[in-house]
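An overview of the molecular structure
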Amino acid sequence: MNNYILTSIILSSCLLITAFVYGISSKQIRSNKIFKWYIIYLGFILGIEFISKFSIYILESETTQFLYPFYVTGEFFILISLFLIELKATKKWQIITRLIACYIFIETTTLWFMNNDSTTGYAKIISHLTIICLAAIFLIKNFKELEKDNPLSIIYTTLFLYYGVSLFLFLLMNQLTEINISIWIINNILSSILYGSSIYTFYKLNKW
């Protein structure tokens, strides 16, 4: 394996584990409803990464396509639920979120069974665009709060950056397969920035 991608994987994984452990070990962070959902998000991503690595390196599985429907649906539902709480959305939007999550799961699962490739549909594009739009709405709506050093601003900014660039890289990957390794390195670096920002945010919240 390319040393650069291996290093980026290790860095991203270590920061993810550190962010999750830091968040779940702090009562102050766990008691915050919004941060509680974010910790769930980190735990979910950590679980997916663990199962993925276990399947590849221990079970020597040639593919982890079976995880994709759960991964895309889970990250969408958890993050959108987090955003809706922050934006004080009505129950109508919660119902819409569940319906979209069901569509994402059904589409990716169907593609997995039919084509053995869950990534060829529109699920990830819909998921990422929704996350990007809600993150942008939050940042614009709370611009004055950001100027007051709101600790949440770092997480929402890095989420916007990560999913914005990640969507672009996902679309690019389908066009330029020969440079997929470089794309994965960039994706891991973005993940590292997100998890590193999470650790910093948790630290700041504990100081408040």
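Notes on the structure follow. It should be emphasised that the depicted structure is a prediction, and the values quoted were computed from it without experimental measurement. (Residues numbered from 1 in each chain as written. Predicted model: local features only at pLDDT ≥ 70, side-chain atom pairs only at ≥ 80, totals over all residues. Heavy atoms only, no water.)

With that out of the way, let us pick up unusual backbone geometry. The phi dihedral of Lys 88 falls on the positive side, at around 55°, and the residue is not glycine. A relative accessible area of 71% means that Lys 88 is categorised as exposed. (Buried < 20%, exposed > 50% of the residue type's maximum accessible area, 1.4 Å probe, protein only.)

Taking 1.5 Å of rise per residue, the 23 residues of helix H1 (residues 3–25) would be expected to cover 33 Å, and the 33 Å separating its terminal C-alpha atoms lies within 8% of that figure. Taken residue by residue, H1 has Ile 5, Ser 8, Ile 9, Ser 12, Leu 16, Ala 19, Phe 20 and Gly 23 as its buried positions. (Helix = DSSP H or I, 4+ residues; strand = E, 2+ residues; numbered from the N terminus. Expected span 1.5 Å × (residues − 1).)

Where two aromatic rings form a pair, the distance of their centres and the angle of their planes describe that pair. For the structure shown, the criterion picks out 11 aromatic pairs. Site record: aromatic cluster; members linked through ring pairs are Tyr 22, Phe 35, Tyr 38, Tyr 41 and Phe 202. (Phe/Tyr/Trp six-rings, centres within 6.5 Å; stacked < 30°, edge-to-face > 60°.)

Here we take up a nonpolar patch on the surface. On the surface, a nonpolar cluster with roughly 720 Å² of combined accessible area is contributed by Phe 50, Ile 51, Phe 54, Ile 56, Tyr 57, Ile 58 and Leu 59. Overall, Tyr 57 belongs to the partly exposed group, its relative accessible area being 48%. (Patch = residues over 30% accessible without salt bridge, like charges linked within 9 Å, V, L, I, M, F, W, Y side chains within 5 Å. Areas by Shrake-Rupley, 256 points an atom, 1.4 Å probe, with all protein chains shown as cover. Salt bridge = Lys/Arg side-chain N within 4 Å of Asp/Glu carboxyl O.)

Let us now look at the environment of Asn 32. Take Asn 32: it is sitting in the loop between helix H2 (27–30) and helix H3 (33–58). There is a polar contact of 3.2 Å between the side chain of Asn 32 and the backbone nitrogen of Phe 35. (Polar contact = N/O pair within 3.5 Å; in protein donor to acceptor, adjacent residues only side chain to side chain.)

Let's shift gears to the nonpolar core. With 49 residues, the main nonpolar core has Tyr 38, Tyr 41, Leu 42, Phe 83, Tyr 156, Leu 159 and Tyr 163 as its most contacted residues. Elements represented by at least two residues in this core include exactly H1, H3, helix H4 (68–86), helix H5 (91–115), helix H6 (123–141), helix H8 (152–173) and helix H9 (180–207). Excluding residues that lie within four positions of it along the chain, Tyr 156 makes contacts with Ile 34, Leu 82, Phe 83, Glu 86, Ala 135, Phe 138 and Leu 139. (Core = buried A, V, L, I, M, F, W, Y, C linked by side-chain atoms within 4.5 Å. Contact = heavy atoms within 4.5 Å.)

This part covers the packing of H3 against H4. Between H3 and H4, whose axes approach to 9 Å, the crossing angle comes to 170°. In terms of axis orientation, H3 runs roughly antiparallel to H4. Across the interface between the two elements, Lys 33, Ile 34, Trp 37, Tyr 38, Ile 40, Tyr 41, Phe 44, Ile 45 and Ile 48 of H3 pack against Phe 70, Tyr 71, Gly 74, Glu 75, Phe 77, Ile 78, Leu 79, Ser 81, Leu 82, Ile 85 and Glu 86 of H4. In terms of residue class, the contact of H3 with H4 is made up of 15 nonpolar, 2 polar and 3 charged. (Axes fitted to C-alpha atoms, helices over the stretch in contact; angles between N-to-C directions. Parallel < 35°, antiparallel > 145°, perpendicular 65-115°, else oblique. Nonpolar A, V, L, I, M, F, W, Y, C, P; charged D, E, K, R; others polar.)

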